[in-house]
Each structure stands twice: as C-alpha cells, then as structure tokens.
Amino acid sequence: MSAVVIDGNRLSRERIDWLRVEIERRGRRGLRRPGLAVVVVGSDPASRIYVRNKRRACKRAGIVARDHDLPESTSQAELLALIERLNADPEIDGVLVQLPLPAHIDPAAVTNAIDPYKDVDGFHAENIGRLVLRQPGLRPCTAVGIMTMLRSIDMAFKGAHAVVVGASNHVGRPLLMELLLAGSTVTCCHKFTVDLRSHVAAADILLVAVGKPALIPGAWIKPGAVVIDVGINRLEDGSLCGDVEFDAARERAAFISPVPGGVGPMTVAGLLENTFQAVLAAEERGR
Ligand code: GUN
C-alpha cells in the first residue's frame, strides 16, 4: 500500500481563501478587517521564516498584520508593556508573540499577559483550561490545523485509538484534548514511555511532535493508520524532515502528512482562523 499524502499546502490555501471571501463579505457590510499584532523579539532564524509565512498569509486573507520587530535586548517589562497596549487597542483582535523568546524573558508570563480573547495562539492558561474542560475558547493553532487535516480525510474519530508522541504544552497536550473531544481513545507517549514501539503499533491515528529526525521507523506503523508528522527538523544538507521515516511509513499507512508541506502551513491557517474568530467574538461582546 502507498499512503495518500495529505497536502497541507493546498488545504491551508483553501482555508485562507475561504477566510478572504468572508473578510471581503464583511467589508462590503462596512465591517472592519481583523487586525493581528505579530511580535518577534530577537533574530532567531527559524522564527523569522515562520513569521514571514504568517505575515504573507495574513495579506492573502485580508487580515491587517501589524509588525513589532523588537531587538534581542528588549526587557520583559518592555514586552509586557507592549502587550498591555495591544490588549487595549480596539483595532487589534489577535496578539501573536513568536516563540522561542530570549532566555531572559519568561514565556509563560508573556503568554498569560495576553488578553485571552486576543490569544490567537491559544496558549493562555485560560484557553488551555477551557479546552480541557470542554468549554473551548481560542484553541492552539497547530492542533486546530491538524484537526482540519483529519476532517478533510473524513477521519472517523469515535472509537479510533489516537497515539500522540510528545507531551509539549503547545502541541502534544492540546492535541490530546482535541482528539478526546472528538471521541477518540487517546494515549500520550513521552520521554519516559517504555516500549514506544508497542504504543505506535497500536495507533489508528499516530501524531508525532518531538523534533527528532527518524524517531519513528516506518516499520512500526500499523498498516492502514493515519500518520500526522508535526516535527520540523533541519538536516545538515539544509533540507527539512519530520520525526517519522516518511518513505517506509508511506508504504504502511493509509494517509500521511509530509514535511515540509503538511502541518506547518496548517498551523498558519489555524492562526488566521483564530484571528477571524477573535474579531467575531469582539463584535459579539460589543468591542
Ligand atoms: N514558535 C513555533 N511555533 C509557534 C507557534 O505556533 N506560535 C508561536 N507564538 N510561536 C511559535
């Protein structure tokens, strides 16, 4: 069997084009475009690329992206003061602070300073808590993008065994909550898991978000499984690869997401969808 490759670039473009139509429709009714503040501190090369992609996608969707490129020396107090201004700005619906931040800034303090209604990354403790309690507000955008991918292949979530490898705050844990909400049986694997192979082999849906090339050999995959690779690793020759051995996994899976061109662009689409949800929610609250 050779798996169907889930084309994240195409799906992301479709979602963004749909958003553009909705935003233009709002414009004709005299309603404003959503506004997204994009904050970057320092010059981490990977962050620069991610942020450039996010800004381009905003342009395509008709979202107004306001750039805040701050020097590495920015203090935590200065960053928190900027967030306070953005929280109060009626033209800004979403605030994105690109991670990682320089070592002298506490990312949790920054994330939790963003107004939960403007937290388009979905990383605020309130939004994560809401997801856990089945009262979702803004949801973490990588998980949003992955659920869109899975729905695009008509994934039957209920009764399926979903195995998430990687328990990070921003990807693994939110994914577990989304899959649980969708009715799957979920298993979380992490660095202390014993016999990772047996868990992987039991997965109807396998989601890997660790950041280690070839962590999951293709031979481990259950025949007919759906494989979502969240890892983005740069190899010495400059090429990108995921955490799953793609060619071998493709021979066993029914569906597989590639790297690049899989989850990455879907995270961007998730961010823009959240920004659109944020402007709708702001209007509902009379802001
Ligand atoms: N750094 C890598 N991925 C992300 C993301 O989805 N959001 C933010 N804010 N920073 C990131």
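Reference entry: report on the structure contained in this document. Within each chain, residues carry numbers counting from 1 in the order of the written sequence. Whole-chain, interface and lining totals are the exception, using all residues; otherwise, since this is a predicted model, local features are given only for residues with pLDDT of at least 70 and side-chain atom pairs are given and counted only at 80 or more. To obtain the side-chain values, all non-hydrogen atoms of the structure were included, while hydrogens and water were left out.

1. Remarks on the site of the ligand
Here is the rule: Here a residue is near a molecule or strand as soon as one of its heavy atoms is found within 4 Å of it. Identification of polar contacts relies on pairs of N or O atoms within 3.5 Å, with a donor-acceptor requirement for protein atoms, meaning one able to donate a hydrogen and the other able to accept it, and with residues adjacent in sequence counted only if both atoms are side-chain atoms. Reported accessibility uses the Shrake-Rupley method at a 1.4 Å probe radius. Residues are deemed covered only where the shown protein chains occlude them. As a working rule, the residues Ala, Val, Leu, Ile, Met, Phe, Trp, Tyr, Cys and Pro are called nonpolar, Asp, Glu, Lys and Arg charged, and the rest polar, with Gly in that last group.
Every residue near the ligand is listed here: Lys-54, Leu-96, Val-97, Gln-98, Leu-99, Asp-121, Phe-123 and Thr-267. With respect to the ligand, the side chain of Gln-98 contributes an N or O atom lying 3.1 Å from a nitrogen atom. One of the backbone N or O atoms of Leu-99 is found 2.8 Å from a nitrogen atom in the ligand. When the ligand is considered free in solution it has 280 Å² of accessible area, and contact with the protein chains removes 78% of it. Residues belonging to the shell around the ligand are distributed by class as follows: four nonpolar, two polar and two charged.

2. Overview of helix 10 (residues 263–284)
Worth spelling out the cut-off: We count a stretch as a helix when DSSP gives it H or I for four or more residues in a row; a strand needs E for two or more, and each element gets its number in order from the N terminus. Expected span, for any helix, means 1.5 Å times one less than how many residues it has. With a 1.4 Å probe rolled over the protein chains alone, any residue whose accessible area is under 20% of its type maximum counts as buried; one over 50% counts as exposed, and the rest are partly exposed.
For helix 10, with 22 residues, the first-to-last C-alpha span of 31 Å sits near the 32 Å given by 1.5 Å per residue. The buried fraction of helix 10 amounts to 16 of the 22 residues, a majority that puts the element mostly inside the structure. Of the residues one or two after helix 10, Gly-286 is the one with positive phi, at around 75°.

3. Focus: the sheet that holds strand 1 (residues 4–5)
Whenever strands of a sheet pair, they do so through backbone hydrogen bonds, lying parallel or antiparallel. Formally: Two strands make a pair as long as DSSP finds a minimum of two bridges between them.
Read from one edge of the open sheet, six strands run 1-11-8-7-5-6, paired in parallel fashion. This sheet does not close on itself; its edge strands, each paired only once, are strand 1 and strand 6 (185–189). With two bridges joining them, strand 1 and strand 11 (residues 255–256) adopt parallel strand pairing. Opposite Val-5, over in strand 11, you have Ile-256 as the bridge partner.

4. Quick notes on the packing of aromatic side chains
In plain terms, the rule: In this scheme Phe, Tyr and Trp rings, the latter by its six-membered ring, pair at centre separations within 6.5 Å, and the angle between planes marks the pair as stacked below 30 degrees, edge-to-face above 60, and tilted otherwise. Placement of a charge over a ring requires the Lys NZ or Arg CZ to be within 6 Å of the ring centre, with the centre-to-atom vector within 35 degrees of the ring normal.
Scanning all chains against the criterion turns up one aromatic pair. Judged by centre distance (6.2 Å) and plane angle (85°), the ring pair of Trp-18 and Phe-276 falls under edge-to-face. With Trp-18 in helix 1 (residues 8–28) and Phe-276 in helix 10, this residue pair connects regions lying 258 residues apart in the sequence. By relative accessible area, which is 41% here, Trp-18 ends up partly exposed. Taking the ring centre of Trp-18 as reference, the NZ or CZ of Arg-15 above it sits at 5.5 Å.

5. Some remarks on the nonpolar core
Burial of nonpolar side chains together is a common tendency in soluble globular proteins. Our working rule: Joining through side-chain atoms within 4.5 Å is the link that ties buried Ala, Val, Leu, Ile, Met, Phe, Trp, Tyr and Cys residues into a set, and such a set is a nonpolar core. Two residues qualify as a contact provided that any one of their heavy atoms is within 4.5 Å of a heavy atom in the partner residue.
Among the nonpolar cores identified, the biggest contains 26 residues, and Leu-150, Leu-179, Ile-205, Leu-207 and Ile-228 are the most heavily contacted of them. Where this core is concerned, the elements lending two or more residues are helix 6 (141–152), strand 5 (161–165), helix 7 (172–181), strand 7 (205–208), strand 8 (226–229) and helix 10. In terms of residue count, the dominant contributor to this core is helix 6 (five residues). Residue contacts for Leu-179: discarding those within four places in its chain leaves Met-147, Leu-150, Phe-157, Ala-162, Val-164, Ser-184, Val-186, Ile-205 and Leu-207. Counting residues in each nonpolar core, the second largest holds 21 residues, with Val-38, Cys-58, Val-268 and Ala-269 among its members.

6. What about the pairing of strand 7?
Of the two faces of strand 7, the one carrying Ile-205 and Leu-207 and the one carrying Leu-206 and Val-208 are both buried. Bridge count for strand 7 against strand 8 is four bridges, and the pairing is parallel. What sits directly across from Leu-206, in strand 8, is Val-227.

7. Quick notes on the sheet that holds strand 2 (residues 35–41)
Applied cut-off: Helix axes are fitted only over the stretch in contact, all axes being lines through C-alpha atoms; the angle between N-to-C directions runs from 0 to 180 degrees.
As summarised here, the arrangement of the three strands in space is 3-2-4, forming an open sheet in which the pairing is parallel. Since the sheet does not close on itself, it has two edges, and those belong to strand 3 (64–70) and strand 4 (94–97), each with one partner. Adjacent strand axes in the sheet meet at a mean angle of 15° when their direction is disregarded. In the sheet, strand 2 pairs with strand 3 via seven bridges, with the strands oriented parallel. Residue pairing for strand 3: Ala-37 is matched across the bridge by Arg-66.

8. Overview of the pairing of strand 8
Here strand 8 shows no split at all, with Val-226 and Ile-228 on one side and Val-227 and Asp-229 on the other all buried. Of the strand pairs in this sheet, strand 8 and strand 11 are connected by two bridges, and their pairing is parallel. Bridged to Val-227 within strand 11 is Ile-256.

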